Amino acid sequence: MLETKKRYERKVIFLSLLLLLQTWSIAVFAQNTVSIKMNVDATEASRSLLHTSLTIPVKPGPLTLFYPKWIPGEHSPTGPINDMVGLRVSARGKQIPWRRDDIEMFAFHCDIPSGVNVIEVAFDDVSQPGTTSTAQLARIKWNRLLVYPRGISSDAVRVQASLKLPAGWKYGTALSAAREMKNDLEFKEVSLTELVDSPAVIGAHFRKVALTSGGTLHEMDIAADSPAALEIKPQTLVGFQNLVKEAPALFGARHYRSYRFLLTLSDYGGSEGLEHHESSEDGVGEKALSDPGQLLDLGDLLGHEYAHSWNGKYRRPADLTTPDFEQPMKGDLLWVYEGLTEYLGKVLPTRSGLWTPENFRQSIAAVAAEMDNQSGRKWRPLVDTATAVQITYSSPRAWMNYRRRVDYYFEGLLLWMEADVLIRSHSQGKLSLDDFLHKFHGGQDSPPIVRTYTFDDIVATLNEVMPYDWREFLNERVNMVAPRAPLGGITNGGWKLVYNETSNEEIKFNEQQKKFRDFTYSVGFIVKDDGTLLDVSPEKPAGKAGLAPGMKVISINGRGWSSDALHDAIAATKTNAAPLEFLVENGSFQQTYKVDYRGGERYPHLERDPTKPDLLSEIIKPHAH
Ligand SMILES: [Zn+2]
């Protein structure tokens, strides 16, 4: 098929620019380019209803339109195709029939009549209430609002987007505005890759907070359910300002032109954490800037998503780097993409002062204990939790301890911490994982580019930093079934993982947020506040006694269910030799189970080991302020 001269020239210019600037440098696989106009009407966002219309140049004959399926950062075919409704394809005011592909639910076939060179595609995006919008704010994810001609690389599709806001609402996005008139915004044309990587937040109560004065722009764009929620305490603001100093210092260079934290504060808008090159979507509770527990959680989220600008967006596993939103992604290196980021997501807020050293240790203790007590680790190697990301991410809650879920995050954290401690101790403190990050993620400052890597590249760069059998180190921890979690980062870092009756602050926060109680390290279950067992560890006393997820506790030792009664009964096992007696409901049947347990309440903590140097405290010291 011949291309028109105009399109050919545009492609040549576009390719030359790509080569010159190396911007958005995923290779251009397709032979075509296309320029799409997209008009998004968000005036009904508070009804969880967005309208979109697209103008797409076409040629007569068969055409397949594709709705983005594999969403970067989600590592899975999670494009919300069920939320696309009201699809209409037309040309010159006449409807063009469409037919969904029999196998590929995200593809729509139509026949373009002769003489037609442009079509209009319109549809609505209806999201589940409480996922992307509230009465006062919304997250605008462009991938939910478009289709494009199938088979064209997302770098070769150019999109000029416009956005109509509800009256009085404001917006934040990494996209540059070309025109702005009251509630109507028009953005400069960008590639489809860049567009999908540059979502917007919009809201009635909105605030922009500069995190740097002069130089590269770093900004927090906050939409909240109330004006009061936008308030930031001076000390918290200093922490955010430190964060945008600490991360660039950690990596040695930046790979963005500007960076925006797109923060949404709502108890109804759904939690969110999605990384982009030049922004991140950070969705948390309405009081996240004032409630101490939620603020700690926010520090973790911001540190994590920001670190992704380097680890995940700039350096990306080759298997996760795809030319469009149709090619499947492979998740086998997610223990780097997410695991290393999870580690940095705890180191960075501590270096920035958003977390105290004790917050860091409580969090590490909670992660280490959870991984070390996964019964699923006896059948499932870590890599399989990553390879199977398409199913592990949405893994059901029941028997989770036996399944193993997305452990590539948390066990990934432990193995990267162990690597950090190993480099520090072998080099007598002269080197650290920071040196690896400088080599792997640093280099020269640049606009957004993607540099892919493989397992071998990780091993080679680690060896450049410090010669060691890194291949075997990683192979053992990633690919092999291991009955114990990799705790070397803790034990060689000068600390011990211990259990005692004092609650762990991160576990306690999770209990409050998710309305359950976590007895994983004593009797071995997690129970909802209404007495329903969410998960049971098969190898712990409750599991051995026959309790199972879904059963509902009616009474403990003859006393009616309450979580306090359960706490008291478990605490009393230290002095009371009799087994715990649970009366539970299993559907419409009731049964009594005797749980043989003597250890009292148990929660994980890190305890200093004075026989070894305290490397963990070295890791979390401020470096850039
Ligand atoms: Zn992540």
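Engineer: Explain the overall build of the chain here, please?
Structural biologist: Counting secondary structure elements, the chain contains 19 helices and 32 strands. Compactness check: the chain gives a C-alpha radius of gyration of 26 Å against a globular reference of 25 Å for 625 residues, within 12% of the reference. Across its three principal axes, the chain shows a C-alpha extent of roughly 85 × 65 × 45 Å. Within the span of the chain, comprising 625 residues, buried residues form 58% of the whole. If you take every contact in the chain between residues at least 6 apart in sequence, the share linking residues at least 24 apart comes to 71%. Where the 70 positive side-chain charges of the chain centre and where its 78 negative ones centre are 3 Å apart.

Engineer: Explain empty space enclosed by the protein to me, please; I cannot follow it from the model alone.
Structural biologist: Using a probe with the size of a water molecule, rolled over the atoms, empty space left in the structure can be pinpointed. Scanning the model with the defined rule gives three cavities of 30 Å³ or more in all. Each pocket or cavity is described by its volume, and for the largest cavity that value is around 60 Å³. Taken together, 13 residues form the lining of the largest cavity, with L50, D125, S127, T132 and R139 sitting closest to its centre. Listing elements by their share of the lining of the largest cavity, those giving two or more residues are β2 (49-57) and β9 (137-140). Sorting elements by how many residues they give to the lining of the largest cavity places β9 first, with three residues. Residues that form the lining of the largest cavity fall into these classes: five nonpolar, four polar and four charged. Around the second largest cavity sit R377, R380, P381, L382, R404, E411, R477, M480, V481 and A482, which together line it. Residue composition of the lining of the second largest cavity, by class: five nonpolar, no polar and five charged.

Engineer: Would you mind going over the domain arrangement of the chain with me for this structure?
Structural biologist: The figure often quoted for interface size is the accessible area lost as the parts come together. Taken domain by domain, the chain holds domain 1 (32-203), domain 2 (320-493) and domain 3 (505-603). If you average the C-alpha positions of domain 2 and of domain 3, the two centres end up 32 Å apart. Facing the 17 residues of domain 2 at the interface are 16 residues of domain 3. Both faces considered, domain 2 and domain 3 share a buried interface measuring about 1,300 Å² in area, 53% of it formed by carbon and sulfur atoms. If you look at where domain 2 meets domain 3, you find one salt bridge. The shortest N-O distance in the salt bridge between K378 and E539 comes to 3.0 Å. Counting across the interface, domain 2 meets domain 3 through nine residue pairs in polar contact (both at pLDDT 80 or more). Elements supplying a minimum of two residues to the side of domain 2 that touches domain 3: α7 (357-372) and α10 (400-403). No other element matches the six residues that α7 contributes to the side of domain 2 that touches domain 3. Classifying every residue of the side of domain 2 that touches domain 3 gives seven nonpolar, six polar and four charged.

Engineer: Help me understand the packing of helix α3 (residues 234-251) against helix α4 (residues 292-307) in this model?
Structural biologist: When two helices pack together, their arrangement is given by the angle between the helix axes and the distance between those axes. Contact pair α3 / α4: the axes reach a minimum separation of 11 Å and the direction vectors enclose 30°. It follows from the interaxial angle that α3 and α4 lie roughly parallel. Seen from above, α3 lies across α4 with right-handed handedness. In this structure, α3 contributes T236, F240, L243, V244, A247, P248 and F251 to the contact, and α4 contributes L295, L298, L302, G303, Y306 and A307. When the residues that make up the contact of α3 with α4 are grouped by side-chain class, the tally is eleven nonpolar, two polar and no charged.

Engineer: Looking at this structure, I do not really get the coordination of the zinc ion. What am I missing?
Structural biologist: Ideal values for angles at a metal depend on the geometry: 109.5 degrees with four tetrahedral donors, 90 or 180 degrees with six octahedral donors. Around the zinc ion, the donor atoms from the protein are H304 (NE2), H308 (NE2) and E338 (OE), and they sit 2.0 to 2.1 Å away. Counting the intervening residues between successive donors of the zinc ion yields the motif H-x3-H-x29-E. Taken as a pair, H308 in the loop between α4 and β22 (315-317) and E338 in the loop between α5 (334-337) and α6 (339-352) lie far apart in primary sequence, 30 residues in all.

Engineer: Help me out: how do you make sense of the environment of N500 in this one?
Structural biologist: Positionally, N500 belongs in strand β24 (residues 495-500). What makes N500 partly exposed here is its relative accessible area of 28%. Leave out the neighbours within four places in its chain, and N500 touches E601, R602, Y603 and H605. For N500, the side chain forms a polar contact with the side chain of H605, separated by 3.2 Å.

Engineer: Help me understand the sheet that holds strand β7 (residues 107-112), please; the structure alone is not making it clear to me.
Structural biologist: Pairing between the strands of a sheet comes from backbone hydrogen bonds, and it takes one of two forms, parallel or antiparallel. Within the open sheet, the four strands sit side by side as β6-β7-β3-β10. Their pairing is antiparallel. The open sheet is flanked by β6 (98-100) and β10 (148-149), the only strands paired with a single partner. The pairing of strand β3 (residues 61-66) with β10 spans two bridges and is classified as antiparallel. Bridging from a neighbouring strand, F66 pairs with Y148 of β10.

Engineer: In this structure, what is going on with the pairing of strand β14 (residues 184-187)? I would like to understand it.
Structural biologist: A regular strand carries its side chains on alternate faces of the sheet. Of the two faces of β14, only the one carrying L185 and F187 is buried; D184 and E186 on the other face are not. Sheet topology places strand β13 (residues 177-181) next to β14; four bridges connect them, and they run antiparallel. Along β14, the bridge assignment pairs A177 with F187. A loop of two residues connects β13 with β14, the two strands running antiparallel in sequence, and K182 in this loop sits at a positive phi of about 50°.

Engineer: What is the right way to read unusual backbone geometry from this model?
Structural biologist: Generally, phi is negative for residues other than glycine and the peptide bonds are trans, each holding for most cases. Here the phi dihedral of R92 falls at roughly 50°; this positive angle occurs in a residue that is not glycine. Topologically, R92 is positioned in the loop between β4 (84-91) and β5 (94-95). Unusually for a residue other than glycine, N557 sits at a positive phi of about 50°. Mapping N557 onto the fold places it in the loop between β28 (552-556) and β29 (559-560). Look at N557 and you get partly exposed, because its relative accessible area is 37%.

Thresholds applied
- Residues numbered from 1 in each chain as written.
- Predicted model: local features only at pLDDT ≥ 70, side-chain atom pairs only at ≥ 80, totals over all residues.
- Heavy atoms only, no water.
- Helix = DSSP H or I, 4+ residues; strand = E, 2+ residues; numbered from the N terminus.
- Rg over C-alpha atoms; globule rule 2.2 N^0.38 Å.
- Buried < 20%, exposed > 50% of the residue type's maximum accessible area, 1.4 Å probe, protein only.
- Contact = heavy atoms within 4.5 Å.
- Lys, Arg positive; Asp, Glu negative; His and termini not counted.
- Charge placed at Lys NZ, Arg CZ, Asp CG, Glu CD.
- 1 Å grid on protein atoms, 1.4 Å probe; cavity = no way out; pocket = protein on both sides within 12 Å on 5 of 7 lines; lining within 4 Å.
- Points joined across faces, edges and corners; volume = space filled by probe spheres on them.
- Nonpolar A, V, L, I, M, F, W, Y, C, P; charged D, E, K, R; others polar.
- Domains from an automatic or database assignment.
- Buried area = accessible area lost by both parts, 1.4 Å probe.
- Salt bridge = Lys/Arg side-chain N within 4 Å of Asp/Glu carboxyl O.
- Polar contact = N/O pair within 3.5 Å; in protein donor to acceptor, adjacent residues only side chain to side chain.
- Axes fitted to C-alpha atoms, helices over the stretch in contact; angles between N-to-C directions.
- Parallel < 35°, antiparallel > 145°, perpendicular 65-115°, else oblique.
- Left-handed = near helix turned anticlockwise from the far one by under 90°.
- Donors = N, O, S within 2.8 Å, 3.2 Å for Na, K, Ca; no water.
- Pairing = 2+ DSSP bridges.

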